[in-house]
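# Per-entry structural report
Chain by chain, the residues:
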Amino acid sequence: MNIKIRDAKYVGTIYNNLKILPEVAFIGRSNVGKSSLINALLHRKNLVKTSKSPGKTRNVNFFQIDFIGLPSIYMVDLPGYGYSKVSRAMKKNWHYIVERYFTSNRDLRLAIILVDIRRGMEEEEIAILRMLEDAHIRCVVAATKIDKIGISQRQKGGLQIQKACGLSPLLCSSVSGQGISDFWKEIRNVLSMDRQRYEKVNSK
Ligand SMILES: Nc1nc2c(ncn2[C@@H]2O[C@H](COP(=O)(O)OP(=O)(O)OP(=O)(O)O)[C@@H](O)[C@H]2O)c(=O)[nH]1
Ligand SMILES: [Mg+2]
């Protein structure tokens, strides 16, 4: 996929009054690898902060990506859910900011829902997927951390996900780089349509 990135930078959070650009959002459990996937896509080690301990990303963070010959987009790194050790106040805050993001009437074109291949698809992911599908948002499931298991287990994990939600996941690893370029095909597809056409196609 011949996409040339001119610049990638952090531009703010849900609390900033950001302009409207096409968006690709990264959604998933805490520690599943959302921030790492953004770095891997952009070939940057530390543009987005990652951490071994869950709960690193605490806000909805926007990164502006400028390309050569394509419109700019935001990659949106959402805070992870499902981390049991966070306080009740933090969980409430998670709901508040995530809901605020999804109801903010922005130009969300593609949601990448990440699932740890070893853990598989669970209730929360299915609920999020259905919510986004109801809102006519295009969704792609990413099965992450495939470098941690062997090939036959990967196939098994991929099938479990497909059975659970009806979508065939993209298998990937931000560590080895496997599968990462497949996401660019998806991003490019939604970018090459302008917004009106995108809305028309999605409301069918
Ligand atoms: N082996 C392996 N480790 C990964 C991969 N992706 C992420 N990790 C590691 O998993 C941990 C969590 O990654 P993050 O990218 O911070 O996860 P996150 O989903 O952004 O987590 P929160 O911000 O807490 O929601 C880090 O230690 C990463 O290095 C992968 O593909 N393979
Ligand atoms: Mg993160």
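Structure: see above.
Summary of the structure given here. (Residues numbered from 1 in each chain as written. Chains lettered and ligands numbered in written order. Predicted model: local features only at pLDDT ≥ 70, side-chain atom pairs only at ≥ 80, totals over all residues.)

## Brief notes about the sheet that holds strand β7 (residues 170-171)
- Spatial ordering of the open sheet is given by β1-β3-β4-β2-β5-β6-β7, a layout of seven strands whose pairing is mixed. Two strands bound the open sheet, and with one partner strand each, they are β1 (5-13) and β7.
- Where strand β5 (residues 108-116) meets strand β6 (residues 138-144), seven bridges bridge the pair, whose relative direction is parallel. When the bridges of β6 are listed, I113 appears paired with V141.
- Here helix α3 (residues 123-134) sits on the sheet and contacts β2 (23-28), β5 and β6; the angle it forms with β5, its principal contact strand, is near 170 degrees. (Pairing = 2+ DSSP bridges. Helix = DSSP H or I, 4+ residues; strand = E, 2+ residues; numbered from the N terminus. Contact = placed C-beta atoms within 7 Å. Axes fitted to C-alpha atoms, helices over the stretch in contact; angles between N-to-C directions.)

## Quick word on the site of ligand 1
- Neighbouring ligand 1 are 24 residues; G33, S36, T50, T57 and G80 lie closest to it.
- When the residues that make up the shell around ligand 1 are grouped by side-chain class, the tally is four nonpolar, 14 polar and six charged. (Near = placed C-beta within 6 Å. Nonpolar A, V, L, I, M, F, W, Y, C, P; charged D, E, K, R; others polar.)

## Remarks on unusual backbone geometry
- Positioned with a positive phi, N105 is a non-glycine residue whose angle comes to about 55 degrees.
- Relative to the helices and strands, N105 is located in the loop between α2 (88-102) and β5.
- Note on N105: 7 C-beta atoms within 10 Å, which makes it exposed.
- Despite not being glycine, H136 shows a phi value in the positive range, around 60 degrees.
- Relative to the helices and strands, H136 is located in the loop between α3 and β6. (Buried ≥ 20, exposed ≤ 12 C-beta atoms within 10 Å, placed from the backbone.)

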